[in-house]
Amino acid sequence: MSEVVEVVEPRPSSVLAASWLGRVDYPAAWSWQRELFLARLEGDVEDTLMLLEHPPTYTLGRRASEDDLVYDAPQRVARGISLFNVDRGGRATYHGPGQLVGYPIVALGERYDVVAYLRNLEEALIRTAADLGVEAHRDPDHTGVWVGLNKIGAIGVKITRGITMHGFAFNVTTDLDMFQGIVPCGLQDRWVTSIAAEGGSAASVKEVGAIAANHVADVFGRGLAWVHPDTLRARGSALAAAESDAHEELLT
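Here goes a summary of the coordinates provided. (Residues numbered from 1 in each chain as written. Predicted model: local features only at pLDDT ≥ 70, side-chain atom pairs only at ≥ 80, totals over all residues. Heavy atoms only, no water.)

**Points about helix H1 (residues 26-41)**
Then, in step 1: The end-to-end C-alpha distance of H1 is 22 Å, a good match for the 22 Å that 16 residues give at a rise of 1.5 Å each.
Then, in step 2: Burial within H1 is extensive, with 13 of its 16 residues counted as buried.
Then, in step 3: Directly beyond the C-terminal end of H1, a positive phi value near 80° is found at Gly-43. (Helix = DSSP H or I, 4+ residues; strand = E, 2+ residues; numbered from the N terminus. Expected span 1.5 Å × (residues − 1). Buried < 20%, exposed > 50% of the residue type's maximum accessible area, 1.4 Å probe, protein only.)

**Regarding the nonpolar core**
Then, in step 1: Judged by nonpolar contacts, the single largest core of 36 residues is most densely connected at Leu-49, Leu-100, Tyr-117, Ile-152, Phe-168 and Phe-170.
Then, in step 2: Broken down by secondary-structure element, the contributors of at least two residues to this core are strand S1 (15-23), strand S2 (47-53), helix H3 (114-131), strand S8 (142-147), strand S9 (150-160), strand S10 (163-171) and helix H4 (205-219).
Then, in step 3: Discounting residues that sit within four places of it in the chain, Tyr-117 has contacts with Pro-104, Val-106, Leu-108, Val-157, Ile-159, Thr-164 and Phe-220. (Core = buried A, V, L, I, M, F, W, Y, C linked by side-chain atoms within 4.5 Å. Contact = heavy atoms within 4.5 Å.)

**With respect to the packing of H3 against H4**
Then, in step 1: Across the interface, H3 lies against H4 with an axial gap of 9 Å and an inter-helix angle of 140°. Accordingly, the angle class assigned to the pair H3 and H4 is oblique. When the axes of H3 and H4 are compared, the crossing they make is right-handed. Contact residues: H3 offers Asn-120, Glu-123, Ala-124, Arg-127, Thr-128 and Asp-131, while H4 offers Val-208, Ile-211, Ala-212, His-215, Val-216, Asp-218 and Val-219.
Then, in step 2: Grouping the constituent residues of the contact of H3 with H4 by class yields 6 nonpolar, 3 polar and 4 charged. (Axes fitted to C-alpha atoms, helices over the stretch in contact; angles between N-to-C directions. Parallel < 35°, antiparallel > 145°, perpendicular 65-115°, else oblique. Left-handed = near helix turned anticlockwise from the far one by under 90°. Nonpolar A, V, L, I, M, F, W, Y, C, P; charged D, E, K, R; others polar.)

**With respect to the pairing of strand S5 (residues 92-95)**
Then, in step 1: Neither face of S5 is left uncovered, since the one carrying Ala-92 and Tyr-94 and the one carrying Thr-93 and His-95 both have all their residues buried.
Then, in step 2: Alignment of strand S3 (residues 57-60) against S5, held across 4 bridges, turns out to be antiparallel. Along S5, the bridge assignment pairs Thr-59 with Thr-93. (Pairing = 2+ DSSP bridges.)

Right, here's the structure in full:
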């Protein structure tokens, strides 16, 4: 007789543990995400929100193609921009200084709704923009958060067994010229903007992270608890250096 093993998905926690990690290289953050994902899957940690900045980085999601790249490898190297193929949804985006990046590693439960999850992230960013004096909105045809026809908040996620990875990028004081090297989100007829470009309140990325964390916790019905960065830095740090070369793919 064969034994039937029932796989039970982790339940959402009552608390969202948030941490500001500062500026983190993309491979290190990706490794920490995976470690947190595995720990969350086992029920060893609660729901987590990583908040950080990246050095100049282009990422290509699962639907991206080489046509989404404008700068070739020498041009990227000259500008100090790394390039990574990643396992999130979506196409090409840019991460860099002045941009708040949020990676929620949360359990959505057994009967989760992917679209509802995306709408909740959008809502959190719309509220964050409003707190900074910028009126943002959804676009019925494109995921993300917009001011007019310009995107201020990009969203790209991966959900496995009800646990989320990747997340959102919110332009605060981002150098928007860096987006010239890609076709942002694969949209030829749209551009990008930031809180600074829209004349919003002056705030550091860390300060905006605190605002956004409160809204993320609220839209998901979690209590917010801040944890020391070392709590998250310890996870996956041993893997980061070893995996850095394996994940970087400079496309020519």
